[in-house]
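As a plain string of letters, each chain reads:
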Amino acid sequence: MNRRWYDNHNDTLNTLEILKKLDRASRVKLSEDVIDIANQIKTMHREEDEPPLSIGIERVLGLYQTSNGRRWYDRQLDLNNAMRTISTLPEEDFLNIMEGLSLSLSE
């Protein structure tokens, strides 16, 4: 099985498993909130003196592969948009979002 760069992080895997079990309305709302947070982080980075330059080839390839629709969340438009949006953030920001989701959804 091909693994995406974020598959090496337990919080990401845990969060995706929880999201898979959510009803559609909850998933849509959560996806909208995640996109809002990602956009706020992107705005913050644009205002930095030295914003991050690149997300790396592995992550660009992952963004391309979402169009193949191989993962269950690739076929969920709302969640796919949220994952693509946060996948363009620096890895630390992505992981922080996934950790926060994992903690809040596990409770």
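In this report, the structure presented in the accompanying data block is examined. This structure is a prediction, so every number in the text was calculated from the model and none was measured. (Residues numbered from 1 in each chain as written. Predicted model: local features only at pLDDT ≥ 70, side-chain atom pairs only at ≥ 80, totals over all residues. Heavy atoms only, no water.)

1. Considerations on the overall build of the chain
Right, on to step 1. Counting its regular elements, the chain contains five helices and zero strands.
Right, on to step 2. Listed by position from the N terminus, the elements making up the chain come as α-α-α-α-α.
Right, on to step 3. For the chain, the proportion of its 107 residues judged to be buried stands at 37%.
Right, on to step 4. Taking as baseline every contact in the chain between residues at least 6 positions apart, the subset at least 24 positions apart corresponds to 76%. (Helix = DSSP H or I, 4+ residues; strand = E, 2+ residues; numbered from the N terminus. Buried < 20%, exposed > 50% of the residue type's maximum accessible area, 1.4 Å probe, protein only. Contact = heavy atoms within 4.5 Å.)

2. Considering the nonpolar core
Right, on to step 1. Core analysis: the biggest nonpolar cluster contains 17 residues, and Met 83, Ile 86, Ile 97 and Met 98 have the highest contact counts within it.
Right, on to step 2. Of all the elements in the fold, those that place two or more residues in this core are α1 (10-21), α2 (24-46), α4 (77-87) and α5 (91-106).
Right, on to step 3. Beyond its immediate stretch of four places on either side in the chain, Ile 97 contacts Val 34, Ile 37, Ile 41, Ile 86 and Leu 89. (Core = buried A, V, L, I, M, F, W, Y, C linked by side-chain atoms within 4.5 Å.)

3. Looking at the side chain of Thr 85
Right, on to step 1. One can find Thr 85 in helix α4.
Right, on to step 2. Using a relative accessible area of 15% as the deciding quantity, one classes Thr 85 as buried.
Right, on to step 3. For Thr 85, the side chain forms a polar contact with the main-chain oxygen of Asn 81, separated by 2.7 Å. (Polar contact = N/O pair within 3.5 Å; in protein donor to acceptor, adjacent residues only side chain to side chain.)

4. Points about the packing of α4 against α5
For any two helices packed against each other, one specifies the crossing angle of their axes together with the interaxial distance.
Right, on to step 1. With their axes 9 Å apart at the nearest point, α4 and α5 run at an angle of 140° to one another. Between α4 and α5, the crossing angle belongs to the class labelled oblique. Every residue of α5 that contacts α4 at Met 83, Ile 86 and Ser 87 is listed here: Phe 94, Ile 97 and Met 98.
Right, on to step 2. Of the residues in the contact of α4 with α5, the class split is five nonpolar, one polar and no charged. (Axes fitted to C-alpha atoms, helices over the stretch in contact; angles between N-to-C directions. Parallel < 35°, antiparallel > 145°, perpendicular 65-115°, else oblique. Nonpolar A, V, L, I, M, F, W, Y, C, P; charged D, E, K, R; others polar.)

5. Regarding α4
Right, on to step 1. Counting buried residues in α4 gives eight out of eleven residues, a clear majority hidden from the surface.
Right, on to step 2. Those residues of α4 lying buried are Asp 78, Leu 79, Asn 80, Ala 82, Met 83, Thr 85, Ile 86 and Ser 87.

6. A look at the packing of α2 against α4
Right, on to step 1. Taken N-terminus to C-terminus, the directions of α2 and α4 make an angle of 20°; their axes are 8 Å apart at the nearest point. When the axis of α2 is compared with that of α4, the two are roughly parallel. Relative to α4, α2 is oriented so that their crossing is left-handed. Mapping the contact onto sequence places Arg 24, Arg 27, Val 28, Ser 31, Val 34, Ile 35, Ala 38, Asn 39 and Lys 42 in α2 and Asp 78, Leu 79, Asn 81, Ala 82, Thr 85 and Ile 86 in α4. (Left-handed = near helix turned anticlockwise from the far one by under 90°.)

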